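Fold and geometry: a report
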Amino acid sequence: MSITPEIEARLAQLQEKYEAMGQDMISYLDGLLHADFLTYWDYIHLDTLLSLQSPKTPFPDEEIFIMYHQITELYFKLMLHECKQITEQQPLTADFFTARVKRINRYFEALTQSFEIMVDGMEKEQFLQFRMSLLPASGFQSGQYRMIEIYATDFINLVDKGKREELRSAPIEEQFDFLYWKFGATELSTGKKTLTLKQFEKKYAKTFIELAKANTELNFNALLQQLQYNGQSTQKLEDELRWLDVNVNVNWPLSHYKSAVRYLERKPEEIKATGGTNWQKYLPPRFQKRIFYPELWTPEQMENWGKAWVESVLRGI
């Protein structure tokens, strides 16, 4: 076989690359010569991936429950991948910011559209039985989801709405004690934290606080305000951020609300969620009034936040 000019050029580039690193190119070529061809299943570790489902009960639909939550966490990892790119980009342009937020929106839309799997994709009787073997675990304990929220907005916007004004100037550690989701895992009768919340805080509290501090000036809302101040924000960026607000704070929790109503609502008294979460008050967007980008919405829109979506879902059940 003759050595073409193209091959010669590539070899010269490789030689230059390895010399710059103090490495012997011939040794690397020997390694390439003996290496097996890459396969699809090895590249994505398919056998390992397909072995990660370990049901706790013999009910077939439990595997659906496990796999869908695993898929969800992989989507969350994709979103965090984009979040990190945005906060690390220097200099950050509106175009780069817009493109990455659009990716995050696409991931959330895929999850929301697929959530019918959780609403109608399992037999209610099976779910109500195998769920008892999962105590006190809960989807509430998704650390990645909380990290996405921290990247998306000022930390104070994640504080319970009744405490936001009081704690606006408080340290992150003090604000952390009043995050909205903590009230979704607190026993209503005693005010005590559920075991689900205690476990969650033990594993992630330090991580969440450190991430919030690191992103005080780098969260999406802060970055948006910096671009606006410099006259560099665009309508496309603000539209994508509005859609992110709706996706995270309305459509996604409402999907869960619809599922909870399907499986847990029962007269005269609703069934409790696995982690003891107060889903009736925790999930409906109009109760939380959690809004990442308040300056992008009118007072009327914020006052009616999520109301139309909840009513439409309840009509469809």
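In this report, we go over the structure that sits alongside the text.

Parameters at a glance
- Residues numbered from 1 in each chain as written.
- Predicted model: local features only at pLDDT ≥ 70, side-chain atom pairs only at ≥ 80, totals over all residues.
- Heavy atoms only, no water.
- Salt bridge = Lys/Arg side-chain N within 4 Å of Asp/Glu carboxyl O.
- Helix = DSSP H or I, 4+ residues; strand = E, 2+ residues; numbered from the N terminus.
- Buried < 20%, exposed > 50% of the residue type's maximum accessible area, 1.4 Å probe, protein only.
- Phe/Tyr/Trp six-rings, centres within 6.5 Å; stacked < 30°, edge-to-face > 60°.

Describing the pattern of salt bridges
Within the structure shown, the criterion is met by nine salt bridges. Arginine 290 serves as the salt-bridge partner of glutamate 149, at 3.5 Å between the closest nitrogen and oxygen. Here arginine 290 lies in the loop between α16 (285–288) and α17 (299–303) and glutamate 149 lies in helix α9 (residues 143–152), a separation of 141 residues in the sequence. Take glutamate 149: its relative accessible area is 1%, and that puts it in the buried class. Note that glutamate 201 and lysine 182 form a salt bridge whose closest N and O atoms lie 2.5 Å from each other. Residue glutamate 201 is located in helix α12 (residues 195–214), and its partner lysine 182 is located in the loop between α11 (172–176) and α12; the two are separated by 19 residues in the primary sequence. According to the relative accessible area criterion, glutamate 201 is buried, its value standing at 13%. Within this structure, Arg146, Glu149 and Arg290 form a network of salt bridges that share partners.

A few points about the packing of aromatic side chains
For the structure on display, the rule yields 22 aromatic pairs. Pairing phenylalanine 97 with phenylalanine 220 gives two aromatic rings, centres 5.6 Å apart and planes at 75°, and the pair type is edge-to-face. Of this pair, phenylalanine 97 sits in helix α6 (residues 94–114) while phenylalanine 220 is found in helix α13 (residues 220–229), placing the two residues 123 residues apart along the sequence. Classification of phenylalanine 97 by relative accessible area gives buried; the value is 0%.

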